[in-house]
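# Breakdown of the fold
If you want the building blocks of each chain, they are given just below.
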Amino acid sequence: MSKPGKQAIGQQILAAFRAAGAVEVAPDILLPAETLLDLYGEDIRARAYVTQDPIRGEVMLRPDFTVPVVQMHMENGAEPARYCYLGEVFRKQDHGDTQPAQPRDNEYLQAGFELFARDADADAEVFALFHGILAPLRLQATMGDMDLLMDAVRALPLSGARRAALLHHIWRPGRFSRLLDRFSAVAAPRIFEDPGAPWTGLRSPDEMQARIARLQADRAEPPLPAESVARLQRLFAVQAPAPQALAELRQLAGEIPDIADAVERLAASLSRLAARGIDLATIRFDASHGRHTMEYYDGMTFSFATPGRADWPPVATGGRYDALTAVLGQGRSIPAVGGVIRPGLVHELGGLS
Amino acid sequence: MIRLGVPSKGRLMEQSFDWFAARGVTLSRAGSDREYAGRVEGAENVALVLLSAGEIPRELRAGRIHLGVTGIDLIREKLAGWRSHVEEVAPMGFGHADLILAVPACWSDCEDLDDFATIARDFRAAHGFRLRIATKYHRLVRAWLSAGEVADYQLVDSQGATEGTVANQTAEAIADITSSGATLRANHLKVIAAEPILRSQAVLFRSLAAGDEGEVRAFAARLGL
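Here the structure is a predicted model, which is why all the values come from computation and not from measurement.

Scoring rules and cut-offs
- Residues numbered from 1 in each chain as written.
- Chains lettered and ligands numbered in written order.
- Predicted model: local features only at pLDDT ≥ 70, side-chain atom pairs only at ≥ 80, totals over all residues.
- Axes fitted to C-alpha atoms, helices over the stretch in contact; angles between N-to-C directions.
- Helix = DSSP H or I, 4+ residues; strand = E, 2+ residues; numbered from the N terminus.
- Parallel < 35°, antiparallel > 145°, perpendicular 65-115°, else oblique.
- Left-handed = near helix turned anticlockwise from the far one by under 90°.
- Contact = placed C-beta atoms within 7 Å.
- Nonpolar A, V, L, I, M, F, W, Y, C, P; charged D, E, K, R; others polar.
- Pairing = 2+ DSSP bridges.
- Buried ≥ 20, exposed ≤ 12 C-beta atoms within 10 Å, placed from the backbone.
- Arc of directions from axis to C-beta.
- Domains from an automatic or database assignment.
- Expected span 1.5 Å × (residues − 1).
- UniProt positions renumbered as here; feature names shortened; annotations may be inferred.
- pLDDT = per-residue confidence, 0-100.

Attention shifts here to the packing of helix α11 (residues 242–255) of chain A against helix α12 (residues 260–275) of chain A. Residues and elements named next belong to chain A. Direction vectors running N to C along α11 and α12 enclose 160°, while the axes themselves pass 9 Å from each other. For the element pair α11 / α12, the angle class is roughly antiparallel. As for the relative orientation of α11 and α12, their crossing is left-handed in sense. Here A242, L246, L249, R250 and A253 of α11 lie close against α12, whose contacting residues are A260, V263, L266, A267 and L270. The class makeup of the residues in the contact of α11 with α12 is nine nonpolar, no polar and one charged.

Now the structure itself:
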């Protein structure tokens, strides 16, 4: 596979991003590891190349562009701002017990676009931009909306602690559903016997007592009604062409009034896409799409995948990540939405023209 | 000539020698105790290579030895895609040890992985950094916690005296190999989760890269395998 060929396609995409008003930026390849590790945890350590610098400490070969671009914007940018970039990212491919005959690339190009704006049109602008660039490839576009799911979770008749636990684990489907099961039953009494061991470690006795008190208070909580769980599961399972999904969501909003606002925001976004000439029937809406993406996508999410190539990663992915800017901004948050395209995969599909 | 890799010292070496002796092949160190050369009696065309147990996975993968004795834990930790590089010839029935996750015994609210996940989340909120697990088995522990969908933790490297890291406050929990659990108890730690991360024992592995399969099979047959 020719590197100049991929580069040329990357440049083509970059030109389209520039034409959409973006300023090109070039974040470092070697990034301080601490921020990325704190954000993504061990998942990123498993995927990224981490190495040691005698002065700077742990550093990481750029596993994605979003974090350095957000940091750069928060230091000296003003909204609205549009940035684009083209460069390599590095990801270890640890395949488990068996090594595949053709290992996936551990170094590949990403061309990206990030938009920082308080404008309601931002979601549609980014999605339509990607849709337009990738149109010649006839990819399958899928869209999700984490806002909807989170609003539905917030609407459950639960204590604040239980609600926070569910929201925290919304990106981990197994743990989330175990929590739902637990909250659906009367909590079994637990006895916390003093093990007679001396206290050791940094976690304090007060921290443990606080959790035990929470578990005991939790026993007084009424179980989650079965119909609440069923409604939530129906929402999470919505998966259809966008117009049909919207109709289903509007119907669900009749039963979960707290998602009505999010459903209407989605409806407005979709009509903006239609106004930009996109045939909504070709977009698949999958309510749970964002649960399988990066933890910090917390609004619209999207991906463009190659039909018939389930073994390929998506050609493009993106979404809204306000939560990420909130974490990186130390209290300051900026609405942000963006995405990346993999020029290497575009090249394998024969290019954009 | 088949090259057979065996741990170069300690109980693992002695038990390996006993295991082969019980199958009619006598292995011994050549010359003095300090020399890492070996002798083989009872089989033709076999050379004994004495190696540190931790290096045997790498040598098997590279095909520099045809057969090697080492723990399942070391193979799985050190060889990504291990099934593509080695084949288990025979479990040897010694060197039993479990890779486990242990927390302070004083944590009476921590009985299983669900408790652990919640404690990790609380800890991160209270202390501003992820709960630290000291280990040298990074890949195995991370894969296991990822399968259990535990977030809010980080691994810190510990190549020795891992049980001491909790008292020293350089980690909140540990993941390590244990056989009797005595060291854990002495350091006021307890094992959580009913099933260990991995049950390990010494296994005779065959290198897929070394080739000479016919000769290796003949030797295995000589051992009654």
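What follows deals with the sheet that holds strand β13 (residues 202–207) of chain B. Residue and element names in this part refer to chain B. Spatially, β4-β1-β5-β13-β6 is the arrangement adopted by the five strands of the open sheet, whose pairing is mixed. Across the chains shown, the open sheet's two edge strands, defined by having one partner strand only, are β4 (46–51) and β6 (86–91). On average, each strand axis in the sheet is inclined to that of its neighbour by 30°, with strand direction left out of account. Judged from the two bridges that link them, strand β1 (residues 2–7) and strand β5 (residues 67–71) form a sheet pairing that is parallel. Of the residues in β5, the one forming a bridge with L4 is L67. The sheet strands contacting helix α1 (residues 10–21) are β1, β5 and β13, and the helix crosses β1 at an angle near 135°. Where helix α7 (residues 213–222) meets the sheet, its contacts fall on β1, β4, β5, β6 and β13, and the angle it forms with β1 comes to roughly 55°.

Attention now moves to helix α8 (residues 173–183) of chain A. Where α8 of chain A is concerned, the buried positions are R175, F176, L179 and F183 of chain A. Here the buried residues of α8 of chain A occupy an arc of 100° about the axis, which is enough to place them on one side. The exposed residues of α8 of chain A that point more than 90 degrees off its buried face are G174 and D181 of chain A. Looking at the packing, one finds that the buried side of α8 of chain A touches α7 (160–168) of chain A together with α4 (113–127) of chain B.

On to the domain arrangement of chain A. How big an interface is tends to be reported as the loss of accessible area on association of its parts. You can read the domains of chain A as domain 1 (1–138 + 308–318 + 330–353) and domain 2 (157–192 + 205–225). Put simply, the middle of domain 1 of chain A and the middle of domain 2 of chain A, counted by C-alpha atoms, are 37 Å apart.

Attention shifts here to the packing of helix α6 (residues 146–154) of chain A against α7 of chain A. Residues and elements named next belong to chain A. Two numbers describe how α6 lies on α7: the axes approach to 9 Å, and their chain directions differ by 160°. Overall, the two elements α6 and α7 adopt an arrangement that is roughly antiparallel. Along this stretch, α6 crosses α7, giving a crossing that reads as right-handed. Taking contact as the criterion, the partners of M150, V153 and R154 in α6 are, on α7, R163, L166 and L167. Residues belonging to the contact of α6 with α7 are distributed by class as follows: four nonpolar, no polar and two charged.

Below, the discussion takes up the sheet that holds strand β6 (residues 107–116) of chain A. Residue and element names in this part refer to chain A. Read across the open sheet, the nine strands follow the order β1-β5-β6-β12-β11-β10-β7-β9-β8; overall the sheet is mixed. A single partner strand is all that each edge strand has here, and the edge strands are β1 (23–24) and β8 (239–241). Judged from the six bridges that link them, β6 and strand β12 (residues 336–341) form a sheet pairing that is antiparallel. Bridge pairing in β12 links F113 to G339. Docked against the sheet, helix α5 (residues 122–134) engages β6, β7 (140–145), β10 (300–305), β11 (316–320) and β12, running at close to 10° with respect to β12.

This paragraph deals with α5 of chain A. Residue and element names in this part refer to chain A. In this model α5 runs 19 Å from its N-terminal to its C-terminal C-alpha over 13 residues, within 8% of the 18 Å that 1.5 Å per residue would give. For α5, the tally of buried residues reaches 10 of 13 residues, placing the bulk of the element in the interior. Listed in full, the buried residues belonging to α5 are A122, D123, A124, E125, V126, F127, L129, F130, H131 and I133.

Quick look at the UniProt feature "domain: ATP phosphoribosyltransferase catalytic" (unreviewed entry) in chain B now. Under the feature "domain: ATP phosphoribosyltransferase catalytic" (unreviewed entry), the UniProt entry names residues 53–222 of chain B. Summarising residues 53–222 of chain B: 32% helix, 28% strand, and an end-to-end C-alpha distance of 24 Å.

For the rest of this paragraph, the subject is the domain arrangement of chain B. Residues and elements named next belong to chain B. Along its sequence, chain B is carved into domain 1 (2–95 + 201–222) and domain 2 (97–199). Distance from the C-alpha centre of domain 1 to the C-alpha centre of domain 2: 32 Å. Looking at the side of domain 1 that touches domain 2, its residues break down into one nonpolar, one polar and three charged.

With that settled, the discussion passes to the interface of chain A and chain B. Contact with chain A, which involves 30 residues of that partner, is made by 32 residues of chain B. In terms of residue count, the dominant contributor to the side of chain A that touches chain B is helix α9 (residues 205–219) of chain A (four residues). Of the residues belonging to the side of chain A that touches chain B, the class tally is 10 nonpolar, eight polar and 12 charged.

Residue and element names in this part refer to chain B. Along the chain, Q15 falls in helix α1. Through-space distance from the C-alpha of Q15 to that of A202 is 9.6 Å; in sequence the pair is 187 residues apart. Excluding its chain neighbours within four sequence positions, the residues that come into contact with Q15 are F94 and G95.

Scored by pLDDT, chain B comes out at a mean of 93, with 97% of its residues at no less than 70. Predicted complex, confidence summary: ipTM 0.87, pTM 0.88.

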